[in-house]
Amino acid sequence: MGVGKDGRAAVRGNWKRAVIAGCLIAAPAAQAATLLEPRLRLTAEERFDNDIRLGGAGTNGQFMTKLSPRLGLDVKNEQLTLESFYATDLLARHGSGKTTVDHRAGVGFRDVLSRRLRLDASARVFRVTDPTSLPRDGLARSTAPTFYAQTKVGLTARATERLDVRGNYMFEATRIIEAGRVAGYAHTPSVELWYRTTRRLSLGAEYRYQGFLYDRDYSQAHGASAALRYRLTRPTTLTLRGGPVRYLPSDATRGGWLPRVALELVREGERSDFGFAVGHDLVGASGFSGAVWADYASVMGAHRFTQKLSAFGAASFFRNGTAPNLNYTEWRNTTNVSQGYAVGGGVEYRLSRKLALQGAFDRIAQVGAADVAGAGDLTRNVFALRLVMTAW
């Protein structure tokens, strides 16, 4: 699977979340009250989609109706914040009569264990017939349904007033649901040090281990990097990271070094959100191979013009190939190197506190698909009109 920074789903998912009243649960006097917030949202969408993988008639496409109910429960108190959801996507194609059902679920929490210790974790599971809808980097390289799971755990300790120590673990699993495919896994534990030199500037160092398993072949990598985080303004933060990575496959003759470079710029304001990311890294759990090198770049943003009118948009590019750096300099090689892009945007108008209307356009294109034969033309254009109803 290609790797970029496709943030379209994140922009839509985080934009204009409704504030829902909950109920207070009585607690002992020594403890803070716990707030429970049940959530129910229904999205009804009519779209025109010319993607052949979804049952369109060649490049002519067809009209489709998509219904997406989403049920969630949030739990909050002074110490703990927990968010959970389950959603299903029912997609009915008017031209072919074909109907598919996708499933999505996730949970995330943050627990302040003490004044110096914080635990955070998240888990997400997806079973989708449209691989491009997955909230992971890059574009799909198959027309088959896909199972994807991701888990993250982090523990942050404040060693001194200026020094934070953080341990991380991330697990990913991907299975392309078609004959002859097996699941791919990636295990990524790491440890970070962050030192606050000033109120705006923090300097960091990280050691990262990566383990990649695909079709009984296990490879691994060790990486060390230095990092810099600088707060340009109160809502805007710049993060730079870079260092070497040593890739060690089961076949020692294919091992080697590659650089890890990343730049991220994030702004979270009252009316405008903006994000930009670009980098080069080693990644896995694609469902097609163990590990691949990856170039990626993305930009995303959202702006609220008035209380009722807002707009959002995103664009991303990816490029990858066989690790550690095979065919890296061959930009016109579309046999061994996968590359592609995605662009999209839309507007939202709130009809009421519980009802919003969205119009959106997305284009997805891929140039080459390494390791995938006969995948066909994966270019895709989607025009969509959505009605989003937030019950509570």
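The name given to the protein chain in an unreviewed UniProt entry is Porin, and the organism recorded there is Corallococcus interemptor.

**Q** Sorry if this is basic, but what is going on with the pairing of strand E17 (residues 338–350) here?
**A** Regular strands place side chains that alternate from one sheet face to the opposite one. Direction of pairing for strand E16 (residues 309–322) relative to E17: antiparallel, over a ladder of twelve bridges. The residue of E17 that forms the bridge with Arg319 is Gln339. The sheet contact formed by E17 and strand E18 (residues 355–367) spans twelve bridges and is antiparallel. When the bridges of E18 are listed, Tyr341 appears paired with Ala365. The turn joining E17 and E18, which pair antiparallel and follow one another in sequence, is formed by four residues.

**Q** What should I look at first to understand the side chain of Asp120 in this one?
**A** Counting through the fold element by element, Asp120 comes out in strand E6 (residues 117–128). For Asp120, a relative accessible area of 16% corresponds to the buried category. A polar contact of 3.0 Å, which involves the side chain of Asp120, links it to the side chain of Arg166. Apart from residues no more than four positions distant in its own chain, Asp120 is found in contact with Phe109, Arg110, Lys152, Val153, Gly154 and Arg166.

Definitions and limits used
- Residues numbered from 1 in each chain as written.
- Predicted model: local features only at pLDDT ≥ 70, side-chain atom pairs only at ≥ 80, totals over all residues.
- Heavy atoms only, no water.
- Pairing = 2+ DSSP bridges.
- Helix = DSSP H or I, 4+ residues; strand = E, 2+ residues; numbered from the N terminus.
- Buried < 20%, exposed > 50% of the residue type's maximum accessible area, 1.4 Å probe, protein only.
- Polar contact = N/O pair within 3.5 Å; in protein donor to acceptor, adjacent residues only side chain to side chain.
- Contact = heavy atoms within 4.5 Å.

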